[in-house]
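These are the residues of each chain, in order.
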Amino acid sequence: GAFPVILTRTPYDKSAFSETAKAWCELGVAFVAQDVRGRYQSGGRWMPYSAEAKDGAATLKALKRASWWNGHIGLMGESYGAFTAFSAAQSEIGRQTPSALITLVPAMGLKKTAFTSDRVFYLGDRLWWDASFGSSRENIEHLFSAVLNKHSSAVFTLPVIDIPTVFPMQLANWRRILKNEHNEETLNLESVHQPCLHIGGWYDPF
């Protein structure tokens, strides 16, 4: 038959969604999980927030050719995955596709997650994310705590932009985060007219 689809695009390993997929399928909804470009089983270069609108649109185009999709889709994601959902929704094909969004604690952009509303830099949080997830093909969060404990003095390096020269884990996006001339993919929420369900908490970091 033809079914509605839930799509999630993630940098955190699509295989983690196997139980989620089963639950949706038991409700009569097809479930598609995709690793974003350059992560886990997807080819290409991983550059956070740089190609999600393009890649999300390409995924929707591919789904349109699937005989088992009835044309209705839910774009779902949490944290970075929520950004990919918004990116697909704002694309031309996303706006033309009957869809809705389900987002949990959305990370709304590389720089938007790096600073408070008063422009204070989340140094520890960004160091953790860039070293654990943002600079490698697979998650290496399990290495971060031990490295940070051994090289804790690195976080006191000034200027802050030079921390990658003394911190022993790769920080591939540090300059992109801190330098104004590095433009990131941005969300145009005015172009998102689909119904949205947002899930979060009062003390969520974003």
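This one's a predicted model, so the numbers in the text were calculated from it and none came from an experiment.

Asker: Describe the overall build of the protein chain, listing the residues and the values that go with them.
Answerer: Within the protein chain, the secondary structure is distributed over seven helices and five strands. For the protein chain, the succession of helices and strands along the chain, N to C, is β-α-β-α-β-α-α-β-α-α-α-β. In terms of overall size, the protein chain behaves like a compact globule, its C-alpha atoms giving a radius of gyration of 18 Å where 206 residues would be expected to give roughly 17 Å. Dimensions of the protein chain along its principal axes, counting C-alpha atoms only, are 60 × 35 × 35 Å. For the protein chain, the residues scored as buried account for 46% of the 206 residues in total. Looking at the protein chain alone, contacts between residues at least 24 apart form 71% of all its contacts between residues at least 6 apart. Accessible area of the protein chain: about 11,000 Å², with a carbon and sulfur share of 55%. Charged side chains of the protein chain number 20 positive and 19 negative; the gap between the two group centres comes to 7 Å.

Asker: Talk me through the packing of aromatic side chains; I want residue IDs and the actual numbers.
Answerer: This model, assessed by the stated rule, comprises 13 aromatic pairs. Ring centres 5.3 Å apart and planes at 45° place the aromatic pair Phe115 and Phe121 in the tilted group. For the pair formed by Phe115 and Phe121, the shared burial category is buried. Grouped by ring-pair contacts, the aromatic residues Tyr12, Trp46, Tyr49, Tyr80, Phe83, Trp128, Trp129 and Phe133 constitute a single cluster. Over the ring of Phe115 we find Arg119, and its NZ or CZ is 4.2 Å from the ring centre.

Asker: Break down the packing of helix α2 (residues 52-64) against helix α3 (residues 80-90) for me, citing the residues and quoting the values.
Answerer: In the contact formed by α2 and α3, the axes pass within 8 Å of each other and the chain directions differ by 70°. With respect to each other, α2 and α3 are oriented roughly perpendicular. Every pair of crossing elements has a handedness; the one defined by α2 and α3 is right-handed. Of α3, the residues touching α2 (which contributes Glu52, Ala53, Gly56 and Leu60) are Tyr80, Phe83, Thr84, Ser87, Ala88 and Gln90. Its residues assigned to classes, the contact of α2 with α3 comprises five nonpolar, four polar and one charged.

Asker: An account of the environment of Asp13 is requested, with residue identities and associated values reported.
Answerer: With respect to the helices and strands, the residue Asp13 is situated in the loop between β1 (3-10) and α1 (18-26). For Asp13, a relative accessible area of 18% corresponds to the buried category. Considered as a pair, Asp13 and Asp35 are 22 residues apart in the sequence and their alpha carbons are 6.1 Å apart. Look past the residues within four positions of Asp13 in its chain and what remains in contact with it is Asp35 and Tyr40.

Asker: Help me get a handle on the nonpolar core, residues and values and all.
Answerer: Core analysis: the biggest nonpolar cluster contains 42 residues, and Ile73, Leu75 and Phe167 have the highest contact counts within it. At the level of elements, β1, β2 (30-35), α2, β3 (69-78), α3, α5 (123-134), α6 (141-150) and α7 (174-178) are the ones that each hand at least two residues to this core. At six residues, the largest contribution of residues to this core is made by α3. Residues within four places of Ile73 in sequence aside, it is in contact with Val5, Leu7, Leu60, Leu63, Thr97, Pro98, Ser99 and Ala100. Of all hydrophobic cores here, the second largest spans seven residues; its members include Ile6, Ala21, Phe31 and Met76.

Asker: Any details on the pattern of salt bridges? Residues and values, ideally.
Answerer: Counted by the stated rule, this structure contains four salt bridges. Of the charged contacts, one joins Glu52 and Arg9 as a salt bridge, the two residues approaching to 2.8 Å between their closest N and O atoms. Of this pair, Glu52 sits in helix α2 while Arg9 sits in strand β1; the two residues are 43 residues apart in sequence, bridging distant segments of the chain. When its relative accessible area of 3% is taken as the criterion, Glu52 is described as buried. Of the residues examined, Arg9 reaches a relative accessible area of 3% and is grouped as buried. Across the pair Lys22 and Glu19 runs a salt bridge whose closest N-O atoms are separated by 3.3 Å.

About the thresholds
Residues numbered from 1 in each chain as written. Predicted model: local features only at pLDDT ≥ 70, side-chain atom pairs only at ≥ 80, totals over all residues. Heavy atoms only, no water. Helix = DSSP H or I, 4+ residues; strand = E, 2+ residues; numbered from the N terminus. Rg over C-alpha atoms; globule rule 2.2 N^0.38 Å. Buried < 20%, exposed > 50% of the residue type's maximum accessible area, 1.4 Å probe, protein only. Contact = heavy atoms within 4.5 Å. Areas by Shrake-Rupley, 256 points an atom, 1.4 Å probe, with all protein chains shown as cover. Lys, Arg positive; Asp, Glu negative; His and termini not counted. Charge placed at Lys NZ, Arg CZ, Asp CG, Glu CD. Phe/Tyr/Trp six-rings, centres within 6.5 Å; stacked < 30°, edge-to-face > 60°. Lys NZ or Arg CZ within 6 Å of the ring centre and 35° of its normal. Axes fitted to C-alpha atoms, helices over the stretch in contact; angles between N-to-C directions. Parallel < 35°, antiparallel > 145°, perpendicular 65-115°, else oblique. Left-handed = near helix turned anticlockwise from the far one by under 90°. Nonpolar A, V, L, I, M, F, W, Y, C, P; charged D, E, K, R; others polar. Core = buried A, V, L, I, M, F, W, Y, C linked by side-chain atoms within 4.5 Å. Salt bridge = Lys/Arg side-chain N within 4 Å of Asp/Glu carboxyl O.

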